[in-house]
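The residues making up each chain are set out below.
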Amino acid sequence: MADLTRYGVSIDCSLSERFDRLIKAKGYSSRSEAIRDLIRDRLVEEEWEAGGEETIGVITLLYDHQQRELSQKLTHSQHSHHAKTVSSLHIHLDSSNCLEVIVLRASAARVRRLADRLISTRGVKHGKLIMTSTGRQLA
Ligand code: NI
């Protein structure tokens, strides 16, 4: 197990009470675990802002496969970045809607570029990029 550091934090009472209500609602077993998650989340953001580190991006795309040439366009964009694609998943949600989930491993800038390209493709009803980390820098 990693070495632990303990430190006290002075915090305004009303802010602390709000935070305690939030972490209880989220199901955290302790304040420490909630604070560790906040710190990790900020560090992942930092990794993304720095841009050079290898990161993980998860892109979700919701689209109508009956829209002319859309499936081919999305597939073409992904094939041109095949080396960065770890996995992809396609779900036929109903007779027309498809959900595609693409997991990429690359620098943040590259992941963001492909995500922007896919999400902005005409006909994509909803697209999201979830930014996460390879976890190497996180305890
Ligand atoms: Ni489908």
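Above this text is the structure in question.
Calculation criteria
- Residues numbered from 1 in each chain as written.
- Predicted model: local features only at pLDDT ≥ 70, side-chain atom pairs only at ≥ 80, totals over all residues.
- Heavy atoms only, no water.
- Helix = DSSP H or I, 4+ residues; strand = E, 2+ residues; numbered from the N terminus.
- Buried < 20%, exposed > 50% of the residue type's maximum accessible area, 1.4 Å probe, protein only.
- Polar contact = N/O pair within 3.5 Å; in protein donor to acceptor, adjacent residues only side chain to side chain.
- Donors = N, O, S within 2.8 Å, 3.2 Å for Na, K, Ca; no water.
- Lys, Arg positive; Asp, Glu negative; His and termini not counted.
- Salt bridge = Lys/Arg side-chain N within 4 Å of Asp/Glu carboxyl O.
- Contact = heavy atoms within 4.5 Å.

Peer 1: Teacher, can you tell me more about the side chain of T121 here?
Peer 2: Locating T121 in the fold gives a position in the loop between α4 (108-119) and β4 (124-133). What makes T121 buried here is its relative accessible area of 14%. At 2.7 Å, the side chain of T121 forms a polar contact with the backbone oxygen of R117.

Peer 1: Is there a simple way to think about the coordination of the nickel ion in this case?
Peer 2: By definition of the ideal shapes, four donors in a tetrahedron about a metal sit 109.5 degrees apart, and six donors in an octahedron sit 90 or 180 degrees apart. Every protein donor of the nickel ion is listed here as H90 (NE2), H92 (ND1) and C98 (SG), and their distances to the metal cover 2.1 to 2.3 Å. In the primary structure, the donors to the nickel ion are separated according to the pattern H-x1-H-x5-C. Since its relative accessible area comes to 2%, C98 is described here as buried.

Peer 1: How should the side chain of K84 be read in this particular structure?
Peer 2: Structurally, K84 can be placed in the loop between α3 (70-79) and β2 (85-92). Of the side chains with opposite charge, E54 lies nearest to the buried K84, which makes no salt bridge, at 11 Å. Not counting residues up to four positions away in its chain, the partners in contact with K84 are V103, L104, R105, A106 and R110.

Peer 1: It is not clear to me how the environment of I39 should be interpreted in this structure. Could you clarify?
Peer 2: Residue position: I39 is located in helix α2 (residues 31-50). Residue classification places I39 among the partly exposed positions, given a relative accessible area of 38%. As a C-alpha pair, I39 and L138 span 99 residues in sequence and 9.6 Å in three-dimensional space.

Peer 1: How should I be thinking about the pattern of salt bridges in this particular structure?
Peer 2: Where side chains of opposite charge bring their charged atoms close, a pairing between them can arise. Taken as a whole and assessed by the stated rule, the structure comprises 10 salt bridges. A salt bridge links R31 to D20; its shortest N-O distance comes to 2.7 Å. With R31 in helix α2 and D20 in helix α1 (residues 13-26), the pair connects residues that are 11 residues apart, well separated along the chain. Note on R31: relative accessible area 45%, which makes it partly exposed. For the salt bridge of R42 with E46, the shortest nitrogen-to-oxygen distance reads 3.6 Å.

By themselves, these figures tell us nothing about what the structure is for.
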